[in-house]
Each structure stands twice: as C-alpha cells, then as structure tokens.
Amino acid sequence: MNKKIKKIPLIQKTSKTFLWIGLVLMLGSTVVLYYYLRVVLQAEVEEELRSTESRIEKSIEEGGMDYQLPPVAEVVKVDKLDMEILKDTLIYDPSQNELEEFRELSTFSSINGQNYRITVRALVVESENILLAVVLSYLAIILVVFIFLFYLNKSRNQKVWHPFFRNLEQMKSFSLTSETPIELMDSDILEFSELNDEMTTLTNKVRADYKNLKQYTEDVSHEMQTPLAIIQAKIENVINGEMLEDTQYEQLTSIQKDIQRLTQMTKRLTLLTKIENNQFLKKEKLDISRQLKKNIQDFSEISTISIDFEICESIWVDMDSFLAQVLCSNLISNAIKYSTGHKNILVNAQNGKVTIANAGEKAIRHPEMLYSRFYRESDGAKSTGLGLAIVKRICDLYGFTISYHFEAGMHHFTVSFIE
Amino acid sequence: MMKILIAEDEIELQNSIVTYLERDGNVCERASDYYEALYKIDLYEYDLLVLDINLITGNGLDILRVLKRNKSQTPVIIISANNSLDDKLEGLDLGADDYLTKPFHLAELNSRIRAVLRRGKFGGMERIEFNEISIDTNSRTAYVDNSPIVLTRKEYDLLLFFITNKGRVLSKEIIAEHLWGDHSDLADNFDFIYVHINNLRKKLTETGGKYIKTAYGSGYKFMED
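All values reported here derive from a predicted model rather than from experimental measurement.

Of regular secondary structure, chain B possesses nine helices and 14 strands. The proportion of buried residues among the 225 residues of chain B is 40%.

What follows deals with the overall build of chain A. Looking only at helices and strands, chain A has seven helices and 11 strands in total. Here chain A holds 419 residues, and 21% of them are scored as buried. Pairs at least 24 residues apart make up 64% of the contacts formed inside chain A by residues separated by at least 6 positions.

Once that is clear, we can look at the nonpolar core. Among the nonpolar cores identified, the biggest contains 64 residues, and A7, I17, L49, V50, L51 and I77 of chain B are the most heavily contacted of them. In this structure V50 of chain B touches I4, I6, A7, I17, I77 and I79 of chain B, once residues within four positions along its chain are discounted. If you look at the next biggest cluster of nonpolar residues, it comprises 37 residues, including I302, L327, C328 and A335 of chain A.

Omega for the bond connecting K102 of chain B with P103 of chain B falls within 30 degrees of zero, at -10°, which places this linkage in the cis form. Structurally, P103 of chain B can be placed in the loop between strand 7 (98–101) and helix 5 (106–122). The phi dihedral of N351 of chain A falls on the positive side, at around 50°, and the residue is not glycine. The phi dihedral of R140 of chain B falls on the positive side, at around 55°, and the residue is not glycine. Tracing the chain through its elements places R140 of chain B in the loop between strand 9 (133–136) and strand 10 (141–144). A residue is classified by how many C-beta atoms lie within 10 Å of it, and R140 of chain B, with 12 of them, is exposed.

Bringing the sheet that holds strand 11 (residues 410–416) of chain A into the picture now. All names here are of chain A. Within the open sheet, the five strands sit side by side as 6-8-9-11-10. Their pairing is mixed. The outermost strands of the open sheet, each flanked by one partner alone, are strand 6 (307–312) and strand 10 (401–407). Between one strand axis and the next, the sheet turns by 15° as a mean value, whatever way the strands run. Sheet topology places strand 9 (residues 353–359) next to strand 11; seven bridges connect them, and they run antiparallel. Paired with A359 across the strands is M410, a residue of strand 11.

How big an interface is tends to be expressed through the accessible area that disappears when the partners come together. The partner chain B presents 33 residues to the 35 residues of chain A that form the contact. For the side of chain A that touches chain B, the secondary-structure elements that each account for two or more residues are helix 3 (190–239), helix 4 (246–276), helix 5 (288–302) and helix 6 (321–338) of chain A. Examining the composition of the side of chain A that touches chain B, we find that 12 residues originate from one element, helix 3 of chain A, more than from any other. Its residues placed into classes, the side of chain A that touches chain B shows 12 nonpolar, 14 polar and nine charged.

To continue, consider the confidence of the model for chain A. Scored by pLDDT, chain A comes out at a mean of 85, with 96% of its residues at no less than 70. The weakest mean pLDDT in chain A belongs to strand 1 (residues 73–77) of chain A at 81; the strongest belongs to strand 11 of chain A at 92.

Before going further, it helps to examine the UniProt feature "transmembrane region" (unreviewed entry) in chain A. Residues and elements named next belong to chain A. In the numbering used here, UniProt assigns the "transmembrane region" (unreviewed entry) feature to residues 18–37 and 130–152. Taken as a whole, residues 18–37 contains 100% helix and 0% strand, while its terminal C-alpha atoms sit 28 Å from one another. What you have in residues 130–152 is 100% helix and 0% strand, and the ends, taken at the C-alpha atoms, are 33 Å apart.

Turning our eyes to something else, we now look at the packing of helix 6 (residues 153–164) of chain B against helix 7 (residues 172–180) of chain B. All names here are of chain B. Relative to each other, helix 6 and helix 7 sit at 130°, their axes nearing to 10 Å. Between helix 6 and helix 7, the angle is such that the two are oblique. The handedness of the crossing between helix 6 and helix 7 is right-handed. Of the residues in helix 7, those touching helix 6 at K154, D157, L158 and F161 are I175, H178 and L179. A per-class count over the contact of helix 6 with helix 7 returns four nonpolar, one polar and two charged.

Turning next to the pairing of strand 8 (residues 345–350) of chain A. Residues and elements named next belong to chain A. Pairing analysis gives five bridges linking strand 6 to strand 8, with the strands arranged parallel. Bridge pairing in strand 8 places F309 opposite V347. Sheet topology places strand 8 next to strand 9; five bridges connect them, and they run antiparallel. Note that in strand 9 the partner of Q350 across the bridge is K353.

Right, let's get into the confidence of the model for chain B. Put simply, chain B has an average pLDDT of 86, and 94% of its residues get 70 or more. Here the predicted complex carries an ipTM of 0.84, next to a pTM of 0.67.

Residues three or four positions apart in an α-helix share a direction because the helix packs 3.6 residues into each turn. Taking 1.5 Å of rise per residue, the 50 residues of helix 3 of chain A would be expected to cover 74 Å, and the 73 Å separating its terminal C-alpha atoms lies within 8% of that figure. Of all the bends in helix 3 of chain A, the greatest, near 25°, is centred on Q225 of chain A, and the proline P227 of chain A appears no more than four residues after it.

Let us look at the sheet that holds strand 3 (residues 48–52) of chain B. Residue and element names in this part refer to chain B. Read across the sheet, five strands follow the order 2-1-3-6-7 without closing on themselves; strand pairing throughout is parallel. At either end of the open sheet lies a strand with only one pairing partner, and these are strand 2 (27–31) and strand 7. In this sheet, adjacent strand axes meet at a mean angle of 20° when their direction is disregarded. Looking at chain direction, strand 1 (residues 3–7) and strand 3 are connected through four bridges and run parallel. Residue pairing for strand 3: A7 is matched across the bridge by L51. The strands touched by helix 2 (residues 34–43) are strand 1, strand 2 and strand 3; relative to strand 2, the strand with the most contacts, the crossing angle is about 135°.

A separate point is the environment of S106 of chain A. Residues and elements named next belong to chain A. By the element assignment, S106 lies in strand 3 (residues 98–111). Residue classification places S106 among the buried residues on the basis of 20 C-beta atoms within 10 Å. Expressed as a C-alpha distance, the spacing of S106 and E84, which sit 22 residues apart in the sequence, is 5.5 Å.

A few words now on the environment of C328 of chain A. Within the fold, C328 of chain A resides in helix 6. Along the chain, C328 of chain A and S289 of chain A lie 39 residues apart, while their C-alpha atoms are 9.2 Å from each other.

The rules behind each value
- Residues numbered from 1 in each chain as written.
- Chains lettered and ligands numbered in written order.
- Predicted model: local features only at pLDDT ≥ 70, side-chain atom pairs only at ≥ 80, totals over all residues.
- Helix = DSSP H or I, 4+ residues; strand = E, 2+ residues; numbered from the N terminus.
- Buried ≥ 20, exposed ≤ 12 C-beta atoms within 10 Å, placed from the backbone.
- Contact = placed C-beta atoms within 7 Å.
- Core = buried A, V, L, I, M, F, W, Y, C linked by C-beta atoms within 7 Å.
- Pairing = 2+ DSSP bridges.
- Axes fitted to C-alpha atoms, helices over the stretch in contact; angles between N-to-C directions.
- Nonpolar A, V, L, I, M, F, W, Y, C, P; charged D, E, K, R; others polar.
- pLDDT = per-residue confidence, 0-100.
- UniProt positions renumbered as here; feature names shortened; annotations may be inferred.
- Parallel < 35°, antiparallel > 145°, perpendicular 65-115°, else oblique.
- Left-handed = near helix turned anticlockwise from the far one by under 90°.
- Expected span 1.5 Å × (residues − 1).
- Bend = angle between axes of the 7 residues up to and from the residue.

Right, here's the structure in full:
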C-alpha cells in the first residue's frame, strides 16, 4: 500500500497541469479549426463551381457560343450523359507555367437536344492559403494568450499559497523543546485560516503534553529521593541495632543495593531531563582525551578489566565540562559492563574521533535501539538502561555523532566530535 | 560530644539521623520546619547544622543566609533531594561546608560531619586517634605506634571512614559508594573491596589490623577487641 510517490512542489505541479491542459487544448482546437475551415472553404468552392456551371449552362441554352476558358471552364459535346464528377486534379496552367491543383466539377446535361459535358475548375491554392493564414493567426493568438495566462496563473498561485508555504516553514522549524509557541501567518483564505487554527491547537497540545511529561519525570525522580533516603537510613539503623541473623543482614544489604539502583536511575533520568531542557549552557574548551584519561584512571581502581588507551591524540571540543565527564564515563562504564571474557577494553582518540571497543560474543541485534531509554540487549541487572541514552542526548546537544559496529569479536562505539 | 541541629521536615528521616548520630554520644536537636529551625539557630549555639533545603515552610538556603548574616561560625551540611549541580554550587557559595544528595548512607553523613568538624574546629590540624592508630588529616598520613605507614589514597580514605564510623557495621555497598561514588555500581562483585581491606589490614600490621573485623559474613566493623 505504501508505495513511494514522487514528490513535486505544489506550484510546479499546478503549473505543469496548466501547461499540459493548455497544450492539448491548443493543439486540439487548432486541428478542429483546420478541418472545420477546410470543410467550409470546400463547400464555398463547390458552391462557386456550381454557380459558374449553371451560368455556362444558361449561356449555352440561350444559344451562346462554345464556352471555352481553359483551365477554368471547358464545354465538350458528348454522346451520352454521365454522372457528375467532383474531384481534385492537377492541370497544367499556362498562365503560371506549372502544374496546379484544381478543384474540378464535371456535369453532364442535355441542352437543346445536344449532350454537353461542362467542366469548371477553381484553384485550390487560394483556399489553402486562406486556411493556412487563419489557422496560423489563431495559433499565434492563442499561444500569446496561453503564455500570458500561464505566468499570471503561476504568480497568482504563488501569492495565494504564500501563507501556506510560510507556515509550512514555521512548522518545519517548530521544536518541541523550544519554549515559544508556533507563530503562523494569518490569511484571508478560509481553509488556510482553519488550518492555522488546527495547527496552533495541535502544537499547543503537544507542547503542553511534552512539558507535563518532562515535569512528571522530574517530579517523580525528585519526590522519590526522600522516601528512598528514609528507607536507606532505617536499614542502616537496623543493621547497627540489635544483633541480626546473617540471612537477615544479607536481605537488608540486598535492599540497600536495590535502593542504590533506584537512586542511580532517578539521577540519570533527572540528568536526561536536564539535558533535554537545555539546562547545560556553559561551554568551555576542553580536551576529551584528557577527560578520558582521568576516567580510565578512576575505573581501573574498580574494574578487574584493564583499559588500554592506545592512541591518545588531543581532541578539543567546546562543551559543558560536567557533560564531557558524563559522556566519557558512560562510554567506558558501558564497555566495562558488557565486556565478556576479561579481554582488555581498547580506547582510541584519533582524528577527532573516540572509539571504545570491548569484547563481545556477537553483534548487537538492534543497534538502532541502543540509544533508547531502558533498552537492554541482555538482561544484565547491572544496567539502568540509561547510560547510552544519555550519551546520545549529549551528542545530539553538541552535534556530535555516535555510531556502533561489530568487528573481530569487539563492540565498537565511535563518537565523532567533528561537527 | 557535639551538639548538632537536624533541620529536616521528614520526621522519619529526622529520627533515623538522630538515632544514628546519638549512638556516638552526640546531642541532637531537631527542627521540623523552617520557622523552628530559624528560631533554634537564633536561640542556641550548635556545633553543626544538618540542613534540608526543601523544608515545608521555607527554603533551607534562606536559613543559611541568616546564619551567615549573623556571622555565625556554625558549620552547615546541606542535605537535599535535588541533585543539581547549580543548587550544590549555590549552597556551597552561600557558605555551606558540604552538600549531600538524598538518599545517602548515614555512615557517609557521619563521616562528612566529622570531616567538617575537623576542618572547622582545628583548622584541619586534628589528629584522629584510635588506640595505637593515629591519623594526621592534614598531611593525610596514618601512624601505628607513632611510626608512619604508607597508604594509597583509597586505603587512607578507607581507614578514615572506618575510624569515623567505628563500632558500626559497614556493608560492602556503603564502602564502595564512599570510595567510588556513582561508579560503585560498576563492580559486579565487591572482591576489589576485599583486596583493599586486606592490603590495609596488612599495612596496619598485627597491631592495627585486628580492629577491622568481619560482620555478618560480608560486612565490616571497626572496633576494639
């Protein structure tokens, strides 16, 4: 059903239609005019021939002489009467000294007891010339009118559709995250005006929904902190209170672990919301490689997997320093979390690109899903499913690009800092 | 013995903090809303103020402003549900001594309180002593029987955390979070903590190492025999 249709701009489309219809009408009417005129002219010529013929007949009847005026008129005595003939014929015209096309009418009639064949002719060229002159002038006039109409129509269309095109541009540049509502150009065309109203209502609704959603995420994350703090504090007091069974202690520390997960999650959700809200406006020039070095040092204390910083060229970027730290830290921690078989993690910073590779069994099945919230390829409980979503948001914010590929048993994540 | 004011409107959290801190012999006063907190800091002198920013009836930062306007020397630790860098910076700019985001471990709060008090009272010169062990927090050096021992950064932090929370059960999770903050969730097991603690025990020698005890199989407790 969803066939790809070739898209043509509106004005071009209507102009094209106008052009085709105009062309067909023009040619069609010319052809019709040509044939119609020809028939009319032929009838005219025939009428003239008949009238000449009847005059000649009359003159013979009145005892006139043998009427000869070749090639225009010839009277020949014949033995018997025949059917009248009307045809075109080529006859040598001595006055023009060439063969000319004539329309020829031969009639047979018996006058005063004598049978005659009376032939009258008329030059076809004359009527052909008239025909040509009429058709050509018609064609010229209609062409001028057509060209005029074409441009008039085009400029009219452009004018009429102007509000539509302007509003279309407005809608294209409309961003959910921007605070300002969409501003549409008003028009005296009822449908456009209605369209504007609908668009305004719709975008306002979408903006309001989006804002509510953001607010909701923020509120939930925020409001969760205090109850979490209470649970956490109570558990600590229980652990430090009466003597517990080992299993009870295990249960309680396991709850602590879950609280920590929740905390991480809300922190990251809040961070995501903040990035989306454009709350990181501070920019400073910093070296990503240096940041990576710092992060790698931190991680090497926790992780048993070692990290090799193979190529370390400086990559200078203009961004918020906190976000730079989050970006590097999330990329490396992602590599640590999903690395298999204790193989080293490889980090390269070169030509404005950072590539982080960790060992893996097979390529990720849905790479396009990687950067969605809460998407996990495997169900490793370690992950909040937000790390890469945050990385992607940060990249989007500064116009960096992130890509994934699987090669030689390694997952590669590459961030290109060249805008 | 320290006199600490806990300005926190969540009574449950307030209770837990008080319970934890009083076990060390501190005296804790409570303030459950903005006005009570204002009233108490106006009336009494405290060694430290634990201040929640989002008090029901007002902003904790305003209390901080009042304190600083009155040239009070009372150190302040802010606890907040808001994890934003700006809030943190604003709080610290206004003169708060530390900033802790909810939820936090009480052991962490305790260790921050100790650090702030050390800085405030003794200009960071205090020597923390525990039997044969002593720590010079200024030069970040630990001594056992007055002979210095060489500790890595993490081992030093670990020792300080143990001593400031002596007699408390510290789970591996709490220790990991204290040492590595947000990154602690990366560790799939806490073997590396075991390694650090073992190293620390060895460096503290027989004499000092014996105080680090195992609790409930997987936790730790720093205490006398």
